[in-house]
Each structure stands twice: as structure tokens, then as C-alpha cells.
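Architecture at a glance
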Amino acid sequence: VYGASGGVGTFAVQIAKALGAEVTGVCSTSKVEMVRSLGADHIIDYKREDFTQNGKKYDVILAVNGFRPITQYKSALTPTGTLVVIGGAMRQIFGAMLLAPVLSKKGGKTITGILAKPNSADLETVADMLATGKLTPVIDRCYPFNELPDAMRYVASGRAKGKVVITVAEARH
């Protein structure tokens, strides 16, 4: 999970572990221990190591909030591996959309984006994971609605660990 410490990545690590995967989380130095606490089996501090250059190959790479060219992720996949682009820089998102069909045809590797299609079975699975403690939301900070611009700046800074919550005051009747 590239971006294992963010709002989506913290869920991805936990869900993958709950489903039995061996998980490698990629994050910055200050977030290593938090990602470890989520259950990641291996952690790569991207400030110290480039996971695409360490010789390891991955069956699946979830690129959450990544900023790398698609071809770099592809080089770190096993011969039949899959890259799932979930977010990141516009260059990465558009690269996945435009290049995925072409790059997926070469060499057996699959490159795809993700479009959520909510359904009751998946929601029940997530609810069960929450109820049994296999999935715990990571909340970094809460901001009142009137501080929304500050919250957005904080998220954009890349320092957030997990989710940033906006609270909305109850309407008075």
C-alpha cells in the first residue's frame, strides 16, 4: 500500500490484513510506527528507500496518493501482478486512465483504477470488521465546519495520519 498512512491507506492496510494478505506499507518516517500498529507486515520509509528499486516484487500495489509515473509501479510488480491506482497526483490518475489499457496488454501485468460500486454485501463486511475490531478508523484531527479551509490546508500538507474529520454543529430548532 503506497500511501499507507493516509485516510484511504489506513483502511487499505487493515482490510488487506483482515483478508489474509501479507502487507507492505509505504509511508514517511514520522508515520512508520502508526502504520506498524495497523498490522503492516513490512514497512518502507519512502524517504529512505525507493520500493520500486529494492528488487522486491509485489502481487498487488495499491497506489493511494502516489506521485510516481505508472511505469515505476509496474516495474515493482510480479509478472502477473496488478497495480490499482486509487488516487494521487492528477498526472498519475490520468496516466492510469490513459495508459492502463496499453500497459496492461504487455507482459501479463494489470493496471487499473478503482471505481466504488457500493453494495450491501461489501458494507456488511466492513460493518463486521468494524464491530469485531479488525478495522479501526484512524482519526488525526477534528475541525469545526467554520475552519474547513484550515482542515483542507492540513490535508494538502501531507502531514495527516488517517482521516481529518469536519464536525457540523447541530441545527437549532
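Predicted model only: the values in this text are computed from it and were never measured. (Residues numbered from 1 in each chain as written. Predicted model: local features only at pLDDT ≥ 70, side-chain atom pairs only at ≥ 80, totals over all residues. Heavy atoms only, no water.)

With that settled, the discussion passes to the side chain of Thr24. Tracing the backbone through its elements, the reader meets Thr24 in strand β1 (residues 24-27). Residue Thr24 is classed as buried on the basis of its relative accessible area, which comes to 14%. Those residues in contact with Thr24, other than ones at most four positions away along the chain, are Val1, His42, Ile44 and Tyr58. (Helix = DSSP H or I, 4+ residues; strand = E, 2+ residues; numbered from the N terminus. Buried < 20%, exposed > 50% of the residue type's maximum accessible area, 1.4 Å probe, protein only. Contact = heavy atoms within 4.5 Å.)

Using the criterion set out here, one finds five aromatic pairs in the structure. Relative to Phe51, the ring of Tyr2 has its centre 5.4 Å away and its plane inclined at 40 degrees; by these criteria the two rings are tilted. Of this pair, Tyr2 sits in the segment before α1 (9-18) while Phe51 sits in the loop between β2 (42-45) and β3 (58-63), and the two are 49 residues apart along the sequence. What makes Phe51 buried here is its relative accessible area of 4%. With 6.1 Å between their ring centres and 45 degrees between their planes, Phe51 and Tyr73 make a pair best called tilted. Pair noted here: Phe51 is in the loop between β2 and β3 and Tyr73 is in helix α3 (residues 70-75), with a separation of 22 residues, a long-range link. Ring pairs connect the aromatic residues Tyr2, Phe51, Tyr58 and Tyr73, which therefore count as one cluster. Looking at Arg141, its charged tip hangs above the ring of Tyr154, at a distance of 3.9 Å from the centre. (Phe/Tyr/Trp six-rings, centres within 6.5 Å; stacked < 30°, edge-to-face > 60°. Lys NZ or Arg CZ within 6 Å of the ring centre and 35° of its normal.)

Where β1 meets β2, four bridges bridge the pair, whose relative direction is parallel. Across the sheet, residue Val26 finds its bridge partner in β2, namely Ile44. Between β1 and its parallel partner β2, the chain crosses via helix α2 (residues 32-37), and the hand of that crossover is right-handed. (Pairing = 2+ DSSP bridges. Right-handed = clockwise from strand over helix to strand, strands pointing away.)

With that out of the way, let us pick up the pattern of salt bridges. A side chain with one charge can pair with a side chain of the opposite charge if their charged atoms come near. Tallied over the entire structure, the rule returns six salt bridges. The partner of Glu33 in a salt bridge is Arg36, and the shortest N-O contact between them spans 3.3 Å. Of the two residues, Glu33 and Arg36 both sit in helix α2, three residues apart, roughly one turn of that helix. For Glu33, a relative accessible area of 54% gives the class exposed. (Salt bridge = Lys/Arg side-chain N within 4 Å of Asp/Glu carboxyl O.)

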